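So you can see what is in the structure, the chains are spelled out below.
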Amino acid sequence: MKAINEAVVTFLSRSANEGFARTTAACFAAQLDPTLEEINDIKTAVSEGVTNCIVHAYPDSLGLVAMRLRLFGDNTLEIQIKDKGVGIPDVDQARRPMYTTGGEERSGMGFTIMESFMDQVKVRSTPGKGTVVTLRRKISRRMGGA
């Protein structure tokens, strides 16, 4: 399916940019007239995805994070979060609740949280080359509108 609109933003893997990514995704998604709950769900999932890049992909350095946002005619939002960091050796293991490589201050719930707020979460990763997380969410069509 061809996107009806899309944007790509690239930023450094600094903690301060997590808020930028959340807000960017929310503003882009606003075109679909989501509910406040849907916006908050999207922001939470993006926050987890970007935080994974900051903490895990580039643990000892700064790197680039790219976020591709796409809208489709069926009211679906797709957000792809991509890094060129260390990669994930075992994606299935990384997706298990409570598993983390980020030390004891990390909860290991990032992928679980993304899955609970989005309709679909796909993870592709190659050790030494990076990770791509694709989040998809269908936004409910509201009757009437302002």
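Residues numbered from 1 in each chain as written. Predicted model: local features only at pLDDT ≥ 70, side-chain atom pairs only at ≥ 80, totals over all residues. Heavy atoms only, no water.

Comments concerning the pairing of strand S3 (residues 76–83)
Within a regular strand, the side chains alternate between the two sheet faces. Extensive coverage of S3 is indicated by the burial of seven of its eight residues. Pairing of strand S2 (residues 64–72) with S3, which is carried by eight bridges, proceeds in the antiparallel orientation. Looking across to S3, one finds that Val65 is bridged to Asp83. By the bridge criterion, eight bridges tie S3 to strand S5 (residues 130–138) in an arrangement that is antiparallel. Across the sheet, Ile79 pairs through a bridge with Leu135, a residue of S5. (Buried < 20%, exposed > 50% of the residue type's maximum accessible area, 1.4 Å probe, protein only. Helix = DSSP H or I, 4+ residues; strand = E, 2+ residues; numbered from the N terminus. Pairing = 2+ DSSP bridges.)

Details of the sheet that holds S3
Judged by pairing direction, the sheet is antiparallel, and its five strands sit side by side in the order S1-S2-S3-S5-S4 without closing on themselves. The sheet terminates laterally at strand S1 (5–12) and strand S4 (120–126), the two strands that pair on one side only. If you compare each strand with its neighbour and ignore which way they point, the axes differ by 10° on average. Examined bridge by bridge, S1 and S2 share eight bridges and lie antiparallel to one another. Its bridge partner lying in S2, Leu12 is registered against Leu64. Against the sheet, helix H2 (residues 36–57) engages S1, S2, S3 and S5, with an angle of about 10° to S3. (Axes fitted to C-alpha atoms, helices over the stretch in contact; angles between N-to-C directions. Contact = heavy atoms within 4.5 Å.)

Things to note about the pattern of salt bridges
As enumerated under the stated definition, the model contains five salt bridges in all. Glu6 is paired through a salt bridge with Arg68; the nearest N and O atoms lie 3.3 Å apart. Note that Glu6 is positioned in strand S1 and Arg68 in strand S2, a separation of 62 residues in sequence. The class of Glu6 is partly exposed, set by a relative accessible area of 40%. Note that Glu78 and Arg136 form a salt bridge whose closest N and O atoms lie 2.6 Å from each other. Of the two residues, Glu78 sits in strand S3 while Arg136 sits in strand S5, which places them 58 residues apart along the sequence. Counted as one network, the salt bridges with shared partners bring together Arg70, Glu78 and Arg136. (Salt bridge = Lys/Arg side-chain N within 4 Å of Asp/Glu carboxyl O.)

So, the packing of helix H1 (residues 16–29) against H2
Their axes nearest at 8 Å, the elements H1 and H2 cross at an angle of 145°. For H1 against H2, the interelement crossing comes out right-handed. Judged by residue contacts, Glu18, Ala21, Arg22, Ala25, Ala26 and Ala29 of H1 engage Ile39, Ile42, Lys43, Thr44, Val46, Ser47, Val50, Thr51 and Ile54 from H2. For the contact of H1 with H2, a count of residues per class yields nine nonpolar, three polar and three charged. (Left-handed = near helix turned anticlockwise from the far one by under 90°. Nonpolar A, V, L, I, M, F, W, Y, C, P; charged D, E, K, R; others polar.)

A word on the packing of aromatic side chains
If you walk through the whole model with that rule in mind, you get one aromatic pair. The interplanar angle of 80° and the centroid separation of 5.8 Å between the aromatic rings of Phe11 and Phe20 together place this pair among those described as edge-to-face. (Phe/Tyr/Trp six-rings, centres within 6.5 Å; stacked < 30°, edge-to-face > 60°.)

Section: the nonpolar core
With 33 residues, the main nonpolar core has Ile42, Val46, Met67, Leu77, Ile79, Ile81 and Leu135 as its most contacted residues. Of all elements in the fold, only S1, H1, H2, S2, S3, helix H4 (110–117), S4 and S5 reach the threshold of two or more residues within this core. Among the elements that take part in this core, H2 stands out by supplying eight residues, more than any other. (Core = buried A, V, L, I, M, F, W, Y, C linked by side-chain atoms within 4.5 Å.)

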